[in-house]
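Secondary and tertiary structure notes
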Amino acid sequence: MTRKLIQGNEAVFHGAVAAGANYYAGYPISPSTEILNIASAYAAAHHREFRFLQAEDEIASANAIIGASLAGAKSFTATSGPGFSLMQEAVGYAQKVGVPTVFVDVQRVGPATGMPTMPGQGDILQVKYGSSGDYTPLAFYPNGIEEAFRVTVQAFNAAEESRSPVVVLADTFVGHLNEVVDLDELASGIEVVERTIPALARHEPGSPRFFAGVLMYESGPSAGEPATADGDEYLRQFYAAKHRHLEVAKRYPLYEHGWNRDAEILVICYGIVSRVASPLAADYALFRPIRIHPVLGDELREVSARYREIVVLEANDGQYADMVELAIRRPVKRVPLLGGRISIEAVRDGLDRVLSGGPSEPPIPPAPTERVAPSPLGIG
Amino acid sequence: MPELIMAELNYKRHLKVDLFPTIWCPGCGIGSIMMQLAMVLEEMGLDETNTVIVTGIGCTGRMGSYLKHESVYTLHGRTLPVAEAIKTFRPELNVIVVSGDGDLASIGGNHLVHTIRRNAHLTVLCNNNEIYGLTGGQTGPTTPTGTKTLSSPIGNPNTPINLQGIVRSSPHALYAKTTVYHQQHMRTVIREAVEHDGFSFVDITSQCIENNGRRIGFASANEMLTHYRKTYKRAPKGAQTLNPFEIGILYPADGAASEGEAGDGNGAAPKAAAPAAPAKTVPPAVPAKTVPPADDDQKARRRAESQKRLALMQKLDPAVKLRVAKGEISLADALREAGVDPAELEG
């Protein structure tokens, strides 16, 4: 019975190890750096079973976890928004080639360097559209420590089942929130999906494989040759991957329909916002997606039909709200919680504003007339 | 030595010959690299069960699809992070990276610096054709100053990157310089690079006639190879640096000379490999720069001359043409014999 006070980042790491992770490559970036630090300490203590690399940048990290996975490892990396942006080409490569691996994105306020220590949720659509071309990503977003552990295990399993990179989303709050958990209890009873594709050089001798980002014939008489002008081959591969990913996603219909389910108004929120907004539980119903991608279309349609009003609260400019509207074909109200200002007051102000017919855009505060003393904690 | 003879006979079993002819242009240097690599793999007993090939983007990257090995065709510039991770997780594998100068030293430059710094046990073969060939012929990181390319129409303003310097910044890395003309030397250095117990980089000057050479005044791949023969010389024994246009191997400063299955660690391979083309005479001193780019007048004149030659050659029968091509008889004599006035050559 190992009860321990741990933070979300640590729970993610333990979940990865419980799922069989044995390779980590990463780069320090707030608010995910603890995962790198913990991984390096773990690797030092378990150097035979767990390999670690602090790479020169996020691009190297993302490509390294791909190489390690092809070599047979269960690999992962952790980063934040700007680092995830650097990794997008590699995400696309892993999608195209079919490489099981896990990307952890502990979000902060962007874009660019943004507000490194303030929580944000601005990467929701970057996960879906960040790499060039069409692909069907899977992504999960926990809102607590135990959930972070479990969801990370599920991400590794989904990666093996879909043969693709799966994203674990989090935010500064979830990453740094500390809760007491029983690690042994968490680790017991989880199911781990094992790798089925042979690792590099462990294939059937006589038919060496060619893992390429470029479109290649995967089977048949032209196996291993480029198919760079064959639209038919593109269709075969694209839809096979899409269907496979959607099939796997169906096994993870992860969400919470809670708070006051009989209320008239449905609030949709996730991650940090769902924790901060919990005082609303008496008066509102909650739909909290844990699987962010593919969108929980059926579940959203079924749940939202019961409510006369839907408000999406999120720490971005309406990214999940857009997805909800597309899925349920019904307008939703939006409360953006930007700049790291995620508080119950901001939530209530926003709800009052939009539910009384006001704009989703908050009133713009006047510019300061005196120098703003820098806050050492970055907390406003 | 029997292993070498067998290698020369059996190297083709590493190649997917049923996919030949390759997609590379006639006259491309990459084919030579592939052939010598296949011979080294055969010599050393490396096959798909113990060796993984990692290739980059560019013409060179296509080599993976012709080798009967498990291979990874990475994103542009990212061969080294992928290869290093494979080697870290599976240290028993030989991991050989084959890529071009742009992929390794431009977009991949940052990874080059750090992979060397970490002394990843990789063998890197760099097809250094001083150009971005596949995209038509833009300046690359090793393109000499002043070269006219599609992205430097009035001449490359930049100094080429110092590959030797970057590799030699590590005391553990092996650096070798060779050219595709010097095939035996190339095979030798590739073997030493694979055997080296640390990071090794083979910088192979290679011709891209289609998207570089013909734009800078070479009429054929053969002319480029001849240029390499005349310009590149072996570095003196024990050299600690290679001067421009010198070929040779620089062993790591940490004293870990190449070790490997071949044994004595200080060049069993070069002793065993008979040099194919030792210079029989001391060649005349050559200017320390490449052939100056031809101006438009020169190019037009050369084009007209070669078209005239071609038209005249058509008048000869095939057996005579072959003798002219072999140099057994001059074109003028052959024309005379065929009853054509050789003065038309001058025209």
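**Here we look at the overall build of chain B**
Each helix and strand counted, chain B has 12 helices and 8 strands in total. Looking at chain B residue by residue over its 347 residues, the buried ones come to 46%. Long-range pairs, those at least 24 residues apart, make up 67% of the contacts in chain B with a sequence separation of at least 6.

**Some words on the overall build of chain A**
Looking only at helices and strands, chain A has 14 helices and 16 strands in total. In summary, chain A has a C-alpha radius of gyration of 21 Å against a globular reference of 21 Å for 380 residues, a match within 12%. Seen along its three principal axes, the alpha-carbon backbone of chain A occupies a region of about 70 × 50 × 45 Å. Taking all 380 residues of chain A together, the buried fraction comes to 51%. Long-range pairs, those at least 24 residues apart, make up 74% of the contacts in chain A with a sequence separation of at least 6.

**Some words on the domain arrangement of chain A**
Residues and elements named next belong to chain A. Parsing chain A into structural domains produces domain 1 (3-187) and domain 2 (255-355). Between domain 1 and domain 2, the C-alpha centre-to-centre distance is 25 Å. Facing the 25 residues of domain 1 at the interface are 19 residues of domain 2. Of all the secondary-structure elements, those providing two or more residues to the side of domain 1 that touches domain 2 are strand E6 (115-119), helix H6 (124-129), strand E7 (138-140), strand E8 (165-171) and helix H8 (172-176).

**Here we look at the environment of Ser30 of chain A**
Residues and elements named next belong to chain A. Its place among the elements puts Ser30 in the loop between strand E2 (23-26) and helix H2 (33-45). Separated by 253 residues in the primary sequence, Ser30 and Asp283 place their C-alpha atoms 35 Å from one another. Those residues in contact with Ser30 that sit more than four places away from it in its chain are Ser80, Arg108, Pro116 and Thr117.

**Thoughts on unusual backbone geometry**
What is expected of a backbone is that most residues other than glycine have negative phi and most peptide bonds are trans. That bond from Gly110 of chain A to Pro111 of chain A is cis: its omega, -5°, falls within 30 degrees of zero. Assignment of secondary structure puts Pro111 of chain A in the loop between strand E5 (101-109) and E6. With an omega dihedral of 5°, the bond running from Phe20 of chain B to Pro21 of chain B counts as a cis peptide bond. Among the secondary structure elements, Pro21 of chain B is positioned in the loop between helix H1 (2-10) and helix H2 (30-44).

**Focus: the domain arrangement of chain B**
When cut into domains, chain B gives domain 1 (2-272) and domain 2 (296-345). Put simply, the middle of domain 1 of chain B and the middle of domain 2 of chain B, counted by C-alpha atoms, are 38 Å apart.

**Considerations on the packing of helix H3 (residues 58-70) of chain A against helix H5 (residues 88-97) of chain A**
Residues and elements named next belong to chain A. Taken N-terminus to C-terminus, the directions of H3 and H5 make an angle of 15°; their axes are 8 Å apart at the nearest point. When the axes of H3 and H5 are compared, the pair comes out roughly parallel. Two packed elements cross with a definite hand, and for H3 against H5 that hand is right-handed. Of the residues in H5, those touching H3 at Ile59, Ala62, Asn63 and Ile66 are Ala90, Tyr93 and Ala94. Tallied by class, residues from the contact of H3 with H5 come to 6 nonpolar, 1 polar and no charged.

**Concerning helix H7 (residues 145-162) of chain A**
All names here are of chain A. Helix length check: H7, at 18 residues, gives a terminal C-alpha distance of 25 Å against a target of 26 Å (1.5 Å per residue), a fit within 8%. Within H7, 17 of the 18 residues are buried, which leaves it mostly tucked inside the rest of the structure. Count one or two residues on from H7 and you reach Arg163, which has phi positive near 55°.

**A short note on the nonpolar core**
In this structure, Val267 of chain A together with Ile86 and Leu125 of chain B are the most contacted members of the largest nonpolar core, which totals 186 residues. Ignoring any residue separated from it by four or fewer positions in sequence, one finds Ile86 of chain B in contact with Gly67, Leu70, Ala71 and Leu200 of chain A together with Val52, Leu93 and Val95 of chain B.

**Some remarks on the sheet that holds strand E13 (residues 285-289) of chain A**
Residue and element names in this part refer to chain A. As summarised here, the arrangement of the 5 strands in space is E11-E13-E12-E15-E16, forming an open sheet in which the pairing is mixed. Of all strands in the sheet, those with a lone pairing partner are strand E11 (255-259) and strand E16 (333-336), marking the two edges. Direction aside, the axes of adjacent strands within the sheet are offset by 20° on average. Here 5 bridges tie E11 to E13, and the two strands are oriented antiparallel to one another. The partner of Trp259 across the bridge, within E13, is Ala285. Each of strand E12 (265-268), strand E15 (309-314) and E16 is contacted by helix H13 (residues 319-328), which is oriented at about 150° to E15, the strand it contacts most.

**Focus on the confidence of the model for chain B**
All names here are of chain B. In this model, chain B carries a mean pLDDT of 86, and residues with pLDDT of at least 70 account for 84%. Every residue in residues 257-290 is under pLDDT 50, and counting partners more than four places away or in other chains gives 40 contacts. Reported confidence for the predicted complex is 0.95 by ipTM and 0.86 by pTM.

**Section: the interface of chain B and chain A**
Listed as interface residues are 29 residues of chain B and, on the opposing side, 35 residues of chain A. Those elements that provide at least two residues to the side of chain B that touches chain A are strand E2 (70-73), helix H3 (79-89) and helix H5 (109-117) of chain B. When residues of the side of chain B that touches chain A are assigned to their parent elements, the largest contribution, 8 residues, is made by H3 of chain B. Grouping the constituent residues of the side of chain B that touches chain A by class yields 12 nonpolar, 11 polar and 6 charged. Direction of pairing for strand E10 (residues 210-212) of chain A relative to E2 of chain B: parallel, over a ladder of 3 bridges. Considered in E2 of chain B, the bridge of Phe210 of chain A is made with Ser71 of chain B.

**Side note on the pairing of strand E6 (residues 200-205) of chain B**
Residues and elements named next belong to chain B. Burial within E6 is extensive, with 6 of its 6 residues counted as buried. A two-sided burial pattern is seen for E6, the buried positions comprising Ser200, Val202 and Ile204 on one face and Phe201, Asp203 and Thr205 on the other. Sheet topology places strand E4 (residues 123-128) next to E6; 6 bridges connect them, and they run parallel. Residue pairing in the sheet places Cys126 in a bridge with Asp203 of E6. Across 6 bridges, the pairing between strand E5 (residues 174-179) and E6 is parallel. By the bridge assignment, Ala176 is partnered in E6 with Val202.

**Digging into the sheet that holds E5 of chain B**
The strand order across the open sheet formed by 9 strands is E10(A)-E2(B)-E1(B)-E3(B)-E4(B)-E6(B)-E5(B)-E8(B)-E7(B), and the pairing between neighbours is mixed. Sheet topology places E10 of chain A together with strand E7 (233-234) of chain B at the edges, where each strand pairs with a single neighbour. Taken together, the 2 bridges between E7 of chain B and strand E8 (residues 246-250) of chain B define a ladder with parallel strand orientation. Pairing of Lys233 of chain B across the sheet is with Glu246 of chain B, part of E8 of chain B. Lying over the sheet, H3 of chain B contacts strand E1 (51-55), E2 and strand E3 (94-100) of chain B, oriented at roughly 175° with respect to E3 of chain B.

**Focus on the packing of helix H12 (residues 297-304) of chain A against H13 of chain A**
Residue and element names in this part refer to chain A. The N-to-C vectors of H12 and H13 enclose an angle of 80°; their axes lie 9 Å apart at closest approach. Considering their axes alone, H12 and H13 lie roughly perpendicular with respect to each other. Residue-level inspection shows Gly297, Leu300, Arg301 and Ser304 of H12 in contact with H13, the latter providing Val324, Ala327 and Ile328. Considered class by class, the residues forming the contact of H12 with H13 number 4 nonpolar, 2 polar and 1 charged.

**Thoughts on the environment of Ala334 of chain B**
Residue and element names in this part refer to chain B. Mapped onto the elements of the fold, Ala334 is located in helix H12 (residues 331-338). With 21 C-beta atoms counted inside 10 Å, the residue Ala334 sits in the buried group. Along the chain, Ala334 and Val324 lie 10 residues apart, while their C-alpha atoms are 7.3 Å from each other. With sequence-adjacent residues up to four places away left out, Ala334 is seen in contact with Leu316, Val320, Arg323, Val324 and Ile329.

Parameters at a glance
- Residues numbered from 1 in each chain as written.
- Chains lettered and ligands numbered in written order.
- Predicted model: local features only at pLDDT ≥ 70, side-chain atom pairs only at ≥ 80, totals over all residues.
- Helix = DSSP H or I, 4+ residues; strand = E, 2+ residues; numbered from the N terminus.
- Buried ≥ 20, exposed ≤ 12 C-beta atoms within 10 Å, placed from the backbone.
- Contact = placed C-beta atoms within 7 Å.
- Rg over C-alpha atoms; globule rule 2.2 N^0.38 Å.
- Domains from an automatic or database assignment.
- Axes fitted to C-alpha atoms, helices over the stretch in contact; angles between N-to-C directions.
- Parallel < 35°, antiparallel > 145°, perpendicular 65-115°, else oblique.
- Left-handed = near helix turned anticlockwise from the far one by under 90°.
- Nonpolar A, V, L, I, M, F, W, Y, C, P; charged D, E, K, R; others polar.
- Expected span 1.5 Å × (residues − 1).
- Core = buried A, V, L, I, M, F, W, Y, C linked by C-beta atoms within 7 Å.
- Pairing = 2+ DSSP bridges.
- pLDDT = per-residue confidence, 0-100.

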